[in-house]
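The primary structure of each chain is shown beneath.
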Amino acid sequence: MRDHQQAAQAANLPIWLEATSTGSRALYLSMGFEEIEEIRLGKGKVAADASPQPDGPGVSLWAMVWWPTPTPEATP
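Residues numbered from 1 in each chain as written. Predicted model: local features only at pLDDT ≥ 70, side-chain atom pairs only at ≥ 80, totals over all residues. Heavy atoms only, no water.

## Considering the nonpolar core
Grouped together as the largest cluster of nonpolar side chains are ten residues: Ala-8, Ile-15, Leu-17, Ala-19, Tyr-28, Met-31, Phe-33, Trp-62, Met-64 and Trp-66. For this core, the secondary-structure elements that each account for two or more residues are β1 (15–19) and β3 (59–66). Not counting residues up to four positions away in its chain, the partners in contact with Met-64 are Ile-15, Trp-16, Leu-17, Ala-19, Arg-25, Tyr-28, Leu-29, Phe-33, Glu-34, Glu-35 and Ile-36. (Core = buried A, V, L, I, M, F, W, Y, C linked by side-chain atoms within 4.5 Å. Buried < 20%, exposed > 50% of the residue type's maximum accessible area, 1.4 Å probe, protein only. Helix = DSSP H or I, 4+ residues; strand = E, 2+ residues; numbered from the N terminus. Contact = heavy atoms within 4.5 Å.)

So this is what it looks like as structure tokens:
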């Protein structure tokens, strides 16, 4: 991921991704990603582990973004 962040920094581009577990969410937060939104899939149909469950809570994932650090050459 650090290689991708370096390439994105050089191109002045953000990186968007979805974390699919609390562990990956924590990892991406530690790497400078910002949580944009928690998304719940299958609410009312599946359990947190995605097994069928009527009225289940659904499966969480987190939309996240990493923003490059502004540099003088990237500023208009």
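## Focus: the pattern of salt bridges
A side chain of one charge can pair with a side chain of the opposite charge if their charged atoms are brought near each other. Tallied over the full model, the rule gives two salt bridges. Glu-35 is paired through a salt bridge with Arg-25; the nearest N and O atoms lie 2.5 Å apart. Residue Glu-35 is found in strand β2 (residues 34–41), and its partner Arg-25 is found in helix α2 (residues 22–30); the two are separated by ten residues along the sequence. (Salt bridge = Lys/Arg side-chain N within 4 Å of Asp/Glu carboxyl O.)

## Quick look at the sheet that holds β3
Taken together, three strands build an open sheet; the order of strands is β1-β3-β2 and the sheet is antiparallel. Two strands bound the open sheet, and with one partner strand each, they are β1 and β2. Each adjacent strand pair in this sheet contributes to an overall mean axis angle of 20°, direction not counted. With five bridges joining them, β1 and β3 adopt antiparallel strand pairing. Its bridge partner lying in β3, Ile-15 is registered against Trp-66. Of the strands in this sheet, β1, β2 and β3 are in contact with α2, which crosses β3 at around 15°. (Pairing = 2+ DSSP bridges. Axes fitted to C-alpha atoms, helices over the stretch in contact; angles between N-to-C directions.)

Structural measurements only, silent on function.
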